[in-house]
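Structural overview
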Amino acid sequence: VISPDIPSLSSSVPQGSPATIAEISTGLLAERAYTSPKYLYDSLGSKLFEAICELPEYYPTRTEASIFERYGSEIAQAVGLGSTLIDLGAGNCAKAAGLFPLLHPAQYVPIDISRDFLNEAVSRLQQRFPHIEMTALGLDFSRSFHLPASVRPERRVFFYPGSSIGNFAPHEAIAFLRRMRANEQGDGGLLIGVDLVKDGAVLDAAYDDAIGVTSSFNLNMLRHLNHLTGADFDVTQWQHRAFFNAEESRVEMHLEAREALSVSWPAGGRQRYERHFARGERIHTEDSYKYTRRGFIDLLQEAGFAATHTWTDDAEWYAVVHARA
Ligand code: AVJ
């Protein structure tokens with residue numbers, strides 16, 4: 001695993017925190033290499049994800065938006081006015097902003113790991129909605145869920161759209177939802193979007209689009225990993241793979257080595273980690289779990305939430321669920 005440090009191979013100084021570098025190293029050195037999908041989102045990755053949402057094949061964003069549009073007033077009635085709206089993985093904040101005229105939150109708390117991207121979005125949004133108190137938090141909520149005292153404790157409503165919950169395996173999703181529940185006084189709630197099980201061909205196309213935007217999104221993770229760890233991934237040696245795994249009810253994304261190759265990155269001191277990949281060997285970069293309506297409501301219940309309403313599109317490709325403690 002460890003080889004002597006060769007200065008010419010040190011592509012750059014690692015920019016990630018020690019915890020980030022340790023987490024990435026563990027995954028890359030595992031027998032079946034994996035990385036957390038959160039590393040898809042540097043500034044370029046967030047922009048590529050915005051582009052994915054425009055693709056004809058990628059139905060979730062558009063379908064969710066149509067549900068918010070069609071059932072907006074029912075959703076507002078379920079959620080209630082004057083909440084503390086906590087937007088997990090807010091990105092460009094567009095989804096929450098679309099609900100402001102209906103929900104009239106007292107405070108808006110967008111949280112995203114892509115801090116610079118978030119701050120830019122929030123400063124634009126604050127000008128459009130000067131009366132809503134906005135508290136942007138650039139943090140990794142998958143790691144810690146500590147909300148600062150500036151976040152009002154009353155009527156906390158967790159907004160988790162886009163089927164991002166699908167990135168967690170079901171048992172992790174329950175643990176994550178329980179943490180939301182623990183950060184709420186029982187007077188708030190949860191408004192969550194979830195992608196539903198459907199024909200495998202539709203899912204395959206949504207994650208492997210014809211013009212290669214999702215491929216770029218996936219490959220961009222290697223550039224981000226180079227930046228965070230100082231690794232020397234050569235993006236041209238890798239290719240995008242994505243497919244629906246029906247047994248696990250999830251779409252899997254991988255990066256596959258086009259040829260036998262090695263990657264190395266600093267291990268502290270003069271040491272480097274090195275990982276060899278055979279041709280065809282993969283790094284598992286993302287899971288996107290798909291639920292049945294029943295299965296998801298059961299999962300919420302296991303996490304201490306009771307669903308009050310479920311809204312879907314006519315084809316039942318996607319669901320928006322409101323739940324209370
Ligand atoms: C943002 C996690 C919901 O799983 O559909 C889109 C990310 N990955 N295309 C998803 C994603 C590839 C997306 N989530």
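Residues numbered from 1 in each chain as written. Predicted model: local features only at pLDDT ≥ 70, side-chain atom pairs only at ≥ 80, totals over all residues.

With respect to the overall build of the protein
- Check the secondary structure of the protein and you find nine helices and 13 strands.
- Over its C-alpha atoms the protein spans a radius of gyration of 20 Å, differing by no more than 12% from the 20 Å that the globule rule assigns to 325 residues.
- Taken along the three principal axes of its C-alpha coordinates, the protein extends 60 × 45 × 35 Å.
- Considering the protein as a whole, with its 325 residues, one finds that 40% of them fall into the buried category.
- Put simply, of all contacts in the protein between residues at least 6 apart along the chain, 70% involve residues at least 24 apart. (Helix = DSSP H or I, 4+ residues; strand = E, 2+ residues; numbered from the N terminus. Rg over C-alpha atoms; globule rule 2.2 N^0.38 Å. Buried ≥ 20, exposed ≤ 12 C-beta atoms within 10 Å, placed from the backbone. Contact = placed C-beta atoms within 7 Å.)

Here's the deal with the sheet that holds strand β11 (residues 282-289)
- Spatially, the three strands line up as an open sheet ordered β7-β8-β11, and their pairing is antiparallel. Lying at the two open borders of the sheet, with one neighbouring strand each, are β7 (238-245) and β11. Strand-to-strand twist across the sheet, computed as the mean angle between neighbouring axes with direction ignored, equals 20 degrees.
- Two elements, β7 and strand β8 (residues 250-257), share eight bridges in a ladder whose sense is antiparallel. In the sheet register, Q239 faces β8, and the bridge partner there is E256.
- Where helix α8 (residues 213-229) meets the sheet, its contacts fall on β7, β8 and β11, and the angle it forms with β7 comes to roughly 120 degrees. (Pairing = 2+ DSSP bridges. Axes fitted to C-alpha atoms, helices over the stretch in contact; angles between N-to-C directions.)

A word on the pairing of strand β12 (residues 306-312)
- Examined bridge by bridge, β12 and strand β13 (residues 318-324) share six bridges and lie antiparallel to one another. From the neighbouring strand, T310 faces β13, where its bridge partner is V321.
- The hairpin turn running from β12 into β13, its antiparallel successor, is five residues long, and E316 in that turn takes a positive phi close to 55 degrees.

Structural notes on the packing of helix α3 (residues 59-79) against helix α4 (residues 94-103)
- Interaxial distance between α3 and α4 falls to 9 Å at its minimum, and their mutual angle equals 55 degrees. Viewed along their axes, α3 and α4 adopt a mutual orientation that is oblique. Between α3 and α4 the crossing geometry is right-handed. Packed against α3, whose contacting residues are F68, G72, S73, A76 and V79, the element α4 presents G98, L99, L102 and L103 at the interface.
- When grouped by side-chain class, the residues that make up the contact of α3 with α4 number six nonpolar, three polar and no charged. (Parallel < 35°, antiparallel > 145°, perpendicular 65-115°, else oblique. Left-handed = near helix turned anticlockwise from the far one by under 90°. Nonpolar A, V, L, I, M, F, W, Y, C, P; charged D, E, K, R; others polar.)

A look at unusual backbone geometry
- For S163, which is not a glycine, the phi torsion comes out positive at approximately 60 degrees.
- In this structure, S163 sits in the loop between β5 (156-160) and α6 (170-182).
- For S249, which is not a glycine, the phi torsion comes out positive at approximately 50 degrees.
- Along the polypeptide, S249 turns up in the loop between β7 and β8.
- A tally of 16 C-beta atoms within 10 Å means that S249 is categorised as partly exposed.

Here we look at the packing of α6 against helix α9 (residues 293-302)
- As a packed pair, α6 and α9 sit with axes 8 Å apart at the nearest point and diverge in direction by 50 degrees. Between α6 and α9, the interaxial angle falls into the category oblique. Taken as a pair, α6 and α9 cross one another with a handedness that is right-handed. Across from P170, A173, I174 and L177 in α6, the residues of α9 making contact are L299, L300 and E302.
- Residues that form the contact of α6 with α9 fall into these classes: six nonpolar, no polar and one charged.

Structural notes on the pairing of strand β6 (residues 189-195)
- Burial analysis of β6 places seven of its seven residues in the buried class, which makes it a mostly covered element.
- Summarising the sheet, β5 and β6 pair through four bridges and their orientation is parallel. Counted as the bridge partner of F159 is L191 from β6.
- What joins β5 to β6 is α6, and the crossover it makes is right-handed.
- In terms of strand pairing, β6 meets β13 through six bridges, oriented antiparallel. Of the residues in β13, the one forming a bridge with G193 is V320. (Right-handed = clockwise from strand over helix to strand, strands pointing away.)

As for helix α1 (residues 18-29)
- Given a rise of 1.5 Å per residue, twelve residues ought to cover 16 Å, and the 16 Å separating the end C-alpha atoms of α1 matches this to within 8%.
- Along α1, the residues classified as buried are I21, E23, I24 and L28. With its buried residues spanning 160 degrees around the axis, α1 presents them on a single face. Exposed residues lying more than 90 degrees from the buried face of α1 are P18, A19, A22, T26 and L29. (Expected span 1.5 Å × (residues − 1). Arc of directions from axis to C-beta.)

Some thoughts on the sheet that holds strand β4 (residues 133-134)
- Ordered by their spatial adjacency, seven strands build an open sheet running β4-β3-β2-β5-β6-β13-β12, and the pairing between neighbours is mixed. The sheet terminates laterally at β4 and β12, the two strands that pair on one side only.
- Against the sheet, α4 makes contact with β2 (84-88), β3 (107-111) and β5, and its axis sits at roughly 165 degrees relative to β2, the strand it touches most.

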